[in-house]
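Read off the chains here:
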Amino acid sequence: MLFANLGARVALLEKHSGMDAYKVLCTHTLQPSCMPVIKTLGLLPLLEEAGARRHVTSLWTPWGWIEPRDEPGKEPIPRGLNVRRQTLDPLLRRLAAETPGVDLRLGDGVNGLLEDNGRFTGVSTTGGARLTARLVVGADGRNSTVGSLSGLPVRLSANNRLGFLAQYRGLPDDGASRVWFLDPDTAFAFPNDDGVTVVACSPAKERHAAAFRADPQGSFERFVRALPDAPPIDRGERISKVIGTRDLPNVYRKPYGPGLALVGDAALATDPLWGVGCGWAFQSAQWLVDAVGPAVAGGGDVLAGLAAYGEKHRAALDSHHKLMEDYSAVRPFNVFERLLLSAAARDAGAARHYHAFASRLIDVKEFASPGSLLRAARVNVFHRLRNAPSNS
């Protein structure tokens, strides 16, 4: 859509044959960092009309709840959107099909890349077509066919957590999204459209894999019931199966090659507990179009723009992914995380600072800057002094 809006002609290959197909295993949330792209695409009013829920996420930690609040007299803190993929995907697909310049080809996937003198020049499709293009974009997920066929360098690392979720209707709803950092197990509950709450857990494999293999539903429900301030799943109606995976590695591919680019999970698929996949897909699409859109639409050379896209992708996401990748090894919080999270549970300003980081609006360096660490240390020292027992 972004390319077509610049005047480019786009062949959009969709391996699913139906307009209403959607991804099932997902956190079903859009982080605040991708809201500018959502607005650019004209998606925001359509999503809100479909019932998408604006959200600010509260986080349970060993030091208490981190509950970011608006600061009086200041701009409200940025909100994201919770929306189920069964709502988002068909809406997005139809919007693309209605965009002038986009040729949506349902039921047609990629089975080969065309090359000429070391440059990618198009694709062959499962429907028997050969399509040439100034630029090939792989937006086909963590198991990207385009990424695999391209031969671009890829780094895989183990994710030592499981991932299971279910959808419930009828749970009490105060509008808050909630995440539990049990150190190292995690869980979340996100109110979504149509009165549905998505509840998920990411327990450590070593401790929980056998139980979830033997009894996924029972293990999931027992895990959720044991959460501090747990979502009362027994008071609601489970409207989906308990679904999940026991193997979801981190994937980091070089996001571009000569005449080819990767966006979203095709380039970078990290531990889903952070809920960044959809947001980073929208954002990386915008970065790519910013870098090469004029060349694609105007018949220019895209190679220099692709290198710029790769640098933007690395600069924006590399530090986030490395921290997420490291945490997916199921390690305890490090000393800096303990300092910043404990302060955020005790201080409104520190909570807003954490919200900016968890929303991917600031990078790791800004989140853990010397000034931020010093402020967090002061918050914790004041907390200890205030709560120290009196000697009198």
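Please refer to the structure higher up on the page.
Residues numbered from 1 in each chain as written. Predicted model: local features only at pLDDT ≥ 70, side-chain atom pairs only at ≥ 80, totals over all residues. Heavy atoms only, no water.

Asker: Any chance you could explain helix H7 (residues 216–225) here in plain terms?
Answerer: In an α-helix there are 3.6 residues to a turn, and that puts residues three or four apart on one side. Among the residues of H7, those classed as buried are Gly218, Ser219, Phe220, Glu221, Phe223 and Val224. Here the buried face of H7 lies against strand S13 (163–169), strand S15 (186–191), strand S16 (196–202), helix H6 (205–214) and strand S17 (237–238). (Buried < 20%, exposed > 50% of the residue type's maximum accessible area, 1.4 Å probe, protein only. Helix = DSSP H or I, 4+ residues; strand = E, 2+ residues; numbered from the N terminus. Contact = heavy atoms within 4.5 Å.)

Asker: Can you walk me through empty space enclosed by the protein in this structure?
Answerer: Take a probe with the size of a water molecule and roll it over the atoms, and the empty space left behind shows itself. Scanning all chains against the criterion turns up three cavities of 30 Å³ or more. Considered as a void within the structure, the largest cavity measures approximately 200 Å³ in volume. Taken together, 16 residues line the largest cavity, and the ones lying closest to its centre are Gln31, Thr57, Val179, Trp274 and Ala358. For the lining of the largest cavity, the secondary-structure elements that each account for two or more residues are strand S4 (57–61), strand S14 (177–181) and helix H11 (348–358). Among the elements that make up the lining of the largest cavity, the one with the highest residue count is H11 (three residues). Among the residues making up the lining of the largest cavity, the classes are represented as eight nonpolar, seven polar and one charged. Volume-wise, the second largest cavity comes out at about 120 Å³. If you trace the second largest cavity, you find it lined by Phe181, Trp274, Leu323, Tyr327, Phe333, Glu337, Leu341, Tyr354, Phe357 and Phe367. Here the lining of the second largest cavity is built from residues that sort into nine nonpolar, no polar and one charged. (1 Å grid on protein atoms, 1.4 Å probe; cavity = no way out; pocket = protein on both sides within 12 Å on 5 of 7 lines; lining within 4 Å. Points joined across faces, edges and corners; volume = space filled by probe spheres on them. Nonpolar A, V, L, I, M, F, W, Y, C, P; charged D, E, K, R; others polar.)

Asker: What should I look at first to understand the sheet that holds strand S11 (residues 136–138) in this one?
Answerer: What links the strands of a sheet is backbone hydrogen bonding, and the strands pair in either a parallel or an antiparallel sense. The strand order S11-S21-S20 describes an open sheet built from three strands, whose pairing is mixed. Looking along the sheet, the strands with just one partner apiece sit at the ends: S11 and strand S20 (256–257). The pairing of S11 with strand S21 (residues 260–262) spans three bridges and is classified as parallel. Residue pairing for S21: Val136 is matched across the bridge by Leu260. (Pairing = 2+ DSSP bridges.)

Asker: Even after reading the chapter, I still don't get the sheet that holds strand S2 (residues 29–30), so can you show me in this structure?
Answerer: Spatially, S2-S6-S3 is the arrangement adopted by the three strands of the open sheet, whose pairing is antiparallel. The open sheet terminates on both sides in strands that have one partner only, identified here as S2 and strand S3 (53–55).

Asker: I tried to follow the packing of helix H8 (residues 277–298) against helix H9 (residues 303–327) on my own but got confused; where do I start?
Answerer: Each packed pair of helices is defined by two parameters, the angle between the axes and the distance between the axes. Between H8 and H9, whose axes approach to 7 Å, the crossing angle comes to 155 degrees. Looking at the two axes, H8 sits roughly antiparallel to H9. Handedness of the H8/H9 crossing: right-handed. Side by side, H8 and H9 meet where Trp280, Ser284, Trp287, Leu288, Ala291 and Val292 of the first sit next to Gly305, Leu306, Tyr309, Lys312, His313, Ala316, Leu317, His320, His321 and Met324 of the second. Its residues placed into classes, the contact of H8 with H9 shows 10 nonpolar, five polar and one charged. (Axes fitted to C-alpha atoms, helices over the stretch in contact; angles between N-to-C directions. Parallel < 35°, antiparallel > 145°, perpendicular 65-115°, else oblique. Left-handed = near helix turned anticlockwise from the far one by under 90°.)

Asker: Sorry, what's going on with the pairing of S4 here?
Answerer: Across a regular strand the side chains alternate sides, sitting on one face of the sheet and then on the other. The buried fraction of S4 amounts to five of the five residues, a majority that puts the element mostly inside the structure. Along S4, one buried face is formed by Thr57, Leu59 and Thr61 and the opposite face, lined by Ser58 and Trp60, is buried too. Bridging between S4 and strand S5 (residues 64–66) involves three bridges; their strand directions are antiparallel. Across the sheet, Trp60 pairs through a bridge with Trp65, a residue of S5.

Asker: So what exactly am I meant to see when it comes to the packing of aromatic side chains here?
Answerer: In this description, an aromatic ring pair is defined by two values, namely the gap between the centres and the angle between the planes. Per the counting criterion, the structure on display carries 12 aromatic pairs. Geometrically, the ring pair formed by Tyr327 and Phe333 is stacked, given 5.6 Å between the ring centres and 5 degrees between the ring planes. Residues Tyr327 and Phe333 agree in their burial class; the two are buried. Plain terms: the ring middles of Phe357 and Phe367 are 4.1 Å apart, the flat faces sit at 5 degrees to each other, and that makes the pair stacked. One end of the pair, Phe357, is in helix H11; the other, Phe367, is in helix H12 (residues 364–367), with 10 residues separating them in the sequence. Side by side, Phe357 and Phe367 carry an identical accessibility label, which is buried. One aromatic cluster is present, built from ring pairs that chain together Trp63, Phe181, Trp274, Tyr327 and Phe333. (Phe/Tyr/Trp six-rings, centres within 6.5 Å; stacked < 30°, edge-to-face > 60°.)

Spatial relationships are all this shows, so hold off on functional conclusions.
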